[in-house]
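Each chain, letter by letter, is given below.
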Amino acid sequence: MNETKSYDRGYFTSLRRFYTPYGESRPQVIVLSEKTVSRRGYVKYAGAGIVIVAGAAAGAYYATRPPPTPAETTTMATATGPKEWSDFYKEAAAPYKGTKLQVISVSGQRLEDTLISSGQEFEKLTGISVEVTPLSWDAGHEKVVSDYVAKAGAYDGATIDGWVMANFTQSGYLVPQDQFWNNSALRDPNFNFDDLVPSIVDLNCTWQNEWWGLPYIGDVSVLFYRKDLFDKYDMKPPETWDEYTQTAKFFAKDVFEQEHVYGSAEQLKMGIDCPTSWVYRYGGPFDQYHPVVNNKYGKQAFQWTKDVLPYSAPATLEYDSMESGDAFLRGDVAMNPNWGFLAGKAVDPTMSKIQDKWFVAPVPKGLEKRTPFLGGWVLGILPYSKRKEAAFLFFEYHSTQQNQKRVVLDPSLGSVPTRTSVLSDPDVVAKFPYYPAYVESLLTSVARPSVPEFLEMWDVLSIAFSDYLTNAKGLDEATDWCQAKWEELLA
Amino acid sequence: MHIPFFSSKRLLRYALIAPALIWVIVFMIFPLIYSLNLSFQTWQPPEPPIYVGLKNYIEMLSDERFGNALQNTSIFTIGTVATEMAIGLLVALSISRLKPRIAEKVNVVSVIPIVMTPVITGILWRMIMHGDYGILNYYLSMLGLGRYSWLSDPKLTLFSNMIVDIWHWTPFVALAFTAGISAIPREPLEAAQLDGASYWQTFKNIMLPYLRTILMLVLLLRVVEAILFFDINFILTKGGPGVRSEMVSLYVYKNAFWFWNLGYSSALSYIVLIIADIIGMALFFIVIGRKKK
């Protein structure tokens, strides 16, 4: 074997020659040591590194530099004409252009369509895209909690049922929004707070004087009834729950052969909807912070519900709010106390067989007064979102008067406004002549218990209510049991 | 052949099983350990978890609702598993007597309920059993048997859940037994036939011992699945009316995701795990017996 050591281009190598059995030689280069860099090499590499770093820094600067200042934009706007209401959002959202927001929306009754529609308009305006994930009540709230526990930041915002706001704000699942309202770059100077329905703001959007959510849908229990049948038999919507039972009996017994409608459809399925029927029958002073079941109001509400069962749709104990609404829209029943957003489906010919035959009245009076149940959803921002400002701008845009009017008048969407100006707008009232009854209900509504243990209390109430309606427990037994459980939870 | 520890062959072996091992650790072992740890705590977000020792387990002993859920689950498990095993075996025996070409087609059709997801199954049966427009009541009333509130009558809701589960899983049991029957050697069966044994004697003394392992496997799978029954229960009745059809899985779910009692729900789920384990081991020893040395 011959070996020649050499230094070539910084490598110490050995060139060896091997001789095969046939006498042929084969060269083999073996690296003896690692490459060392010469002084010239150092200079070359350092220069290249400086050029690369400088180029990267310049690129990063141009990619992330702030846009022209508002003064420049204003100058442009005034140069072309008067400022549009949406110009604020165009300017304010400019730093976030190209962002993609992930938002959870409650699904059903076309509620998610409203947010999707607003998202599309917002994207055209600002370049921020919005992806809406429609989920059921249970799944949507679970996702919010899971996102918080896992600190995932997969979602930027969500529609939150006003019922769970106390729980969610206390548990840290949402971000307080005062920080955004106090930021002049994000706060729309034309956003009219006084225009928002006060009860919705007080009971759903704020907690301990802090903003936690923008109003998405303001809803309240109202009584849907078959105006054509009531007019035919010269009847008025019932004023009291006793009259309600008598009216239901009339349709289910006296004129069933002719009209083939049952008296009512109730939402009594075990779960979150069941206690709604109890609240709007309560008819007395309702303490949000320490509600009572086994007083005269609570017991009477149980009794009235049971009284109407024989005259209701046969499967009424299986209905949640949507199914009871569907029974009304199929033309199966004459009355249905339900959430106001059912009206969006009632006017849709693909979803309703009674398009022009229904109207709305406030829920009947209890022992002392009407207690329509205030619902509604808010738009909350999630704590681990990396795009909170963009999400806030989108939610703020959605809640503007102009956008609310647009979605309410769109027949393909299901929405209930949260602004008194929209509720009393002539175009809106012309389309929804029942809105005066709706506004009256909003102003006299009662809210769910404002305690973090609300969901567990509501579950206990569902069980007691269900046991009473199915004759598993007597009235006193069911209400006393429920109250005892509530006292344990609130202790 | 001794392979050095850091040799490429050994490293290759570890590299090949690493993905599966990581999966098992991350998605099975870690959650088990984490939830066991959580079961000794009370956790109300955003407050940090607080260790409370055995408080959650002691509370469980006096929890009437958990007792009710256990009772419902026991009735449900015994009812569904016994029915599925009996009907599944009968169906498998019937299929085994069909011509192979027809048996194939029957097997393909019978697989349909198994491949439907539980959620779709629940929605489908909710529509079938609907009190107003469900076809089940329609056909019953045509036969003069009246109409029933399958999803809201306290006496029927648990039974309704059982019907759906039996419909969903009997084909699986039948399929497993069909495979087991087809693996039985022909010679003992033919010999028994020649000796004049009746069908029942043949079944009891020849087929059943051969089917013992399959029987244990199917029984074990079905019992554990029945104890963990959740999806259909949630869609169909949500445990109602009241708590008449509430199963342990649904109760655990409500504690975790409705009431945010994460520590208590972890304790509940651990107890359910232990119960399922004990039942599984008991079944194993009863059916298979101890191995003879």
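Numbers given to residues run from 1 along each chain, matching the order in which its sequence is written. Naming scheme: in the order in which they are written, chains are lettered from A and ligands are numbered from 1. In keeping with the model being predicted, local features are shown solely for residues with a pLDDT of at least 70 and side-chain atom pairs are shown and tallied solely at 80 or more, while totals for entire chains, interfaces and linings include all residues.

(A) Up close: the packing of helix α13 (residues 296-308) of chain A against helix α22 (residues 475-490) of chain A. Residue and element names in this part refer to chain A. The convention used is that axes are lines fitted to C-alpha atoms, helices contributing only their stretch in contact, and that angles between N-to-C directions extend from 0 to 180 degrees. Secondary structure elements are taken from DSSP: a helix is a run of H or I of four residues or more, a strand is a run of E of two residues or more, and numbering for both begins at the N terminus. The contact between α13 and α22 brings their axes to 10 Å, and the two run at 130°. Between α13 and α22, the angle is such that the two are oblique. Of the two elements, α13 crosses α22, and the hand of that crossing is right-handed. Where α13 abuts α22, its residues Gly-298, Lys-299, Phe-302 and Gln-303 lie against Leu-475, Ala-478 and Thr-479. Roughly parallel refers to an angle under 35 degrees, roughly antiparallel to one over 145, roughly perpendicular to one between 65 and 115, and oblique to any angle outside these ranges. By the definition used in this description, the sense in which the near helix is turned from the far one sets the handedness, with an anticlockwise turn below a right angle giving left-handed and a clockwise turn giving right-handed. Contact between residues is assigned whenever the C-beta positions, reconstructed from backbone atoms, fall within 7 Å.

(B) Fine view of the interface of chain A and chain B. With 21 residues of chain A at the contact, the number on the chain B side is 20 residues. Ranked by residue count, the leading element in the side of chain A that touches chain B is helix α21 (residues 454-469) of chain A, at 6 residues. Each residue gets one of three labels, nonpolar for Ala, Val, Leu, Ile, Met, Phe, Trp, Tyr, Cys and Pro, charged for Asp, Glu, Lys and Arg, and polar for the others, Gly among them. A class-by-class count of the residues in the side of chain A that touches chain B yields 10 nonpolar, 5 polar and 6 charged.

(C) Representation of helix α14 (residues 262-287) of chain B within the structure. Residue and element names in this part refer to chain B. With 26 residues, α14 should cover 38 Å at 1.5 Å per step; its first-to-last C-alpha distance of 37 Å lies within 8% of that length. Of all the residues in α14, the buried ones are Leu-262, Gly-263, Tyr-264, Ser-265, Ser-266, Ala-267, Leu-268, Ser-269, Tyr-270 and Val-272. Considering only its buried residues, α14 is in contact with α1 (8-38), β1 (41-42), α2 (55-61), α3 (64-96), α11 (212-227) and α13 (248-257). A helix is expected to reach a length of 1.5 Å times the quantity of its residues less one. In this scheme every C-beta is placed from the backbone, and a residue whose C-beta has 20 or more other C-beta atoms within 10 Å is buried, one with 12 or fewer is exposed, and one in between is partly exposed.

(D) Summary view of the pairing of strand β13 (residues 358-362) of chain A. Residue and element names in this part refer to chain A. The element β13 is largely enclosed, with a buried count of 4 among its 5 residues. DSSP calls a pair of strands paired once it identifies at least 2 bridges connecting them. Across 5 bridges, the pairing between strand β10 (residues 221-226) and β13 is antiparallel. By the bridge assignment, Leu-223 is partnered in β13 with Ala-361.

(E) Highlighting the packing of α11 of chain B against α14 of chain B. Residues and elements named next belong to chain B. Running from N to C, α11 and α14 point in directions that differ by 165°, and their axes come no closer than 10 Å. Considered as vectors, α11 and α14 are oriented roughly antiparallel to each other. At the point where α11 passes α14, the crossing takes the right-handed sense. The residues of α14 that touch α11, namely those facing Arg-212, Leu-215, Met-216, Leu-219, Leu-220, Val-223, Val-224 and Ile-227, are Val-272, Ile-275, Ala-276, Ile-279, Gly-280, Leu-283, Phe-284 and Val-287. A breakdown of the residues in the contact of α11 with α14 according to their chemical character gives 14 nonpolar, 1 polar and 1 charged.

(F) Representation of the sheet that holds strand β9 (residues 214-217) of chain A within the structure. Residue and element names in this part refer to chain A. One open sheet holds the 5 strands; their spatial order is β5-β4-β6-β14-β9, and the pairing between them is mixed. Every other strand in the sheet has two partners, leaving β5 (129-135) and β9 as the edge strands with one partner each. Between one strand and the next, the sheet's axes are offset by a mean angle of 30°, whatever the strand orientation. Note: strand β4 (residues 100-106) against β5, 7 bridges, orientation parallel. Within the sheet, the bridge partner assigned to Val-106 lies in β5 and is Leu-135.

(G) The arrangement of the sheet that holds β13 of chain A in detail. All names here are of chain A. Strand order across the open sheet formed by 4 strands is β11-β12-β10-β13, with mixed pairing between neighbours. Strands with a single pairing partner mark the edges of an open sheet, and in this sheet they are β11 (262-264) and β13. Strand-to-strand twist of the sheet, defined as the mean angle between neighbouring strand axes without regard to direction, takes the value 25°. Judged from the 2 bridges that link them, β11 and strand β12 (residues 333-339) form a sheet pairing that is parallel. Among the inter-strand pairings, Tyr-262 is bridged to a residue of β12, identified as Val-333. Along the sheet, helix α20 (residues 435-443) makes contact with β10 and β13, crossing β13 at roughly 25°.

(H) How the structure looks around the nonpolar core. By our criterion, buried Ala, Val, Leu, Ile, Met, Phe, Trp, Tyr and Cys residues that link up through C-beta atoms within 7 Å make up a nonpolar core. Phe-224, Val-333, Leu-393, Phe-394 and Leu-461 of chain A are the most contacted members of the largest nonpolar core, which totals 128 residues. When residues of this core are assigned to their parent elements, the largest contribution, 10 residues, is made by α21 of chain A. Domains are outlined according to an automatic or database domain assignment. Residue contributions to this core reach at least three from each of two domains, namely domain 2 (87-219 + 375-443) and domain 3 (221-373 + 453-490) of chain A. What Phe-224 of chain A contacts, discounting residues up to four positions off in sequence, is Phe-328, Met-335, Asn-336, Asn-338, Leu-342, Trp-358 and Val-360 of chain A. In terms of nonpolar packing, the next biggest core, distinct from the first, is built from 41 residues, Leu-151, Val-164, Phe-229 and Tyr-251 of chain B among them.

(I) Broad picture of unusual backbone geometry. Residue Pro-241 of chain B follows Gly-240 of chain B across a cis peptide bond; omega there is 0°. Within the secondary structure layout, Pro-241 of chain B lies in the loop between α12 (231-236) and α13. A positive phi angle, near 55°, is found at Asp-234 of chain A, a position not held by glycine. Relative to the helices and strands, Asp-234 of chain A resides in the loop between α9 (227-232) and α10 (241-254). The exposure class of Asp-234 of chain A is exposed, given the 6 C-beta atoms found within 10 Å. One non-glycine residue, Asn-471 of chain A, lies in the positive phi region at around 65°. Turning to its location among the elements, Asn-471 of chain A is positioned in the loop between α21 and α22. Judged by the 9 C-beta atoms lying within 10 Å of it, Asn-471 of chain A is exposed.

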